[in-house]
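The primary structure of each chain is shown beneath.
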Amino acid sequence: MAHRRLDRPPWPDTVEREVTMRSTRTLTAVTAVLAVLLTTVGTATAAGRLRTAATPYCGITWGSAGKTGGDLNPAPLLTTRTGQQECYDRLVFEFDGSADGYSVGYGEVFTEGQGLAMSPYTAGGAVLRVQLREPALGYPYRAGDHVATVLGYRTLRDVVYGGTFEGYSTFAVGVRAQLPFRVLLLAGPGTHSRIVLDVAHQWQE
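Being a predicted model, the structure only gives us computed values, none of them experimental.

(A) Highlighting the sheet that holds strand 4 (residues 102–106). With antiparallel pairing, 5 strands are arranged side by side in an open sheet as 1-4-5-7-6. Looking at which strands have only one partner, the edges of the open sheet turn out to be strand 1 (67–69) and strand 6 (156–165). Neighbour-to-neighbour, the strand axes of the sheet open up by a mean angle of 15 degrees, direction not taken into account. Sheet topology places strand 1 next to strand 4; 3 bridges connect them, and they run antiparallel.

Right under this line is the structure:
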């Protein structure tokens, strides 16, 4: 007589081992996913801290947007000169009398009267258009002249005179790159006045 073999059910301890192994595998997978997520979040947080930690160079917050002030004024331009400071390079326009009118911004510069583009003839990675609302009838240069020596300067690369017309005088100021700048009005020396352009050496520390 043939005997049929009946499969015996697994022992209780075998079932427990299988359940335990499945639980362990699931827990391991969840732990791995959490580790990846935490690493990603940590990296993003660290990058955010680095961006937040970047501070303005020398505390300068001038920005690079255009700046305008003052009115048309008869005080004639006498001279220009440049200087190097710890955090910026400086360009000074000195006038015979009280002058306060200016418009300064990045972009193409055109000669007064003729309207010729000056950027092809101005050294530097960016050009600041400086229009002074004062005449330069006694100024000892002609349109197209390079009026400053800026060898060794960190920011300034060129200063080119664009002429004077109907009370406006223009300069193309070549700089290393589009950097923050400010414009100041200063009295003196004596009865003279100055419009000062400062261009920062860099954006951030």
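(B) Fine view of the pattern of salt bridges. Tallied over the entire structure, the rule returns 3 salt bridges. Residue Arg182 pairs with Asp198 through a salt bridge whose shortest N-O separation is 2.9 Å. Highlighted residues: Arg182 in strand 8 (residues 181–187) and Asp198 in strand 9 (residues 193–200), separated in sequence by 16 residues. Because the salt bridges share partners, they merge into one network encompassing Arg90, Arg182 and Asp198.

(C) How the structure looks around the state of the cysteines. Enumeration according to the criterion identifies 1 disulfide in this entry. Residue pairing for Cys58: its cysteine sulfur links by disulfide to Cys87, the two sulfurs lying 2.1 Å apart. Across the S-S bond of Cys58 and Cys87 the torsion is about -80 degrees, and the bridge reads as left-handed. Here the residue Cys58 occupies a position in the loop between helix 1 (12–53) and strand 1, and Cys87 occupies one in the loop between strand 2 (77–84) and strand 3 (88–95), the gap between them amounting to 29 residues.

(D) Spotlight on the sheet that holds strand 9. Taken in spatial order, the 4 strands line up as 2-3-9-8 in an open sheet, and their pairing is antiparallel. Here the strands that pair on one side only, and so sit at the sheet edges, are strand 2 and strand 8. Sheet twist, expressed as the mean angle between neighbouring strand axes with direction ignored, is 20 degrees. Pairing of strand 2 with strand 3, which is carried by 7 bridges, proceeds in the antiparallel orientation. Across the sheet, residue Arg81 finds its bridge partner in strand 3, namely Val92.

How each quantity is defined
Residues numbered from 1 in each chain as written. Predicted model: local features only at pLDDT ≥ 70, side-chain atom pairs only at ≥ 80, totals over all residues. Heavy atoms only, no water. Pairing = 2+ DSSP bridges. Helix = DSSP H or I, 4+ residues; strand = E, 2+ residues; numbered from the N terminus. Axes fitted to C-alpha atoms, helices over the stretch in contact; angles between N-to-C directions. Salt bridge = Lys/Arg side-chain N within 4 Å of Asp/Glu carboxyl O. Disulfide = S-S within 2.5 Å.

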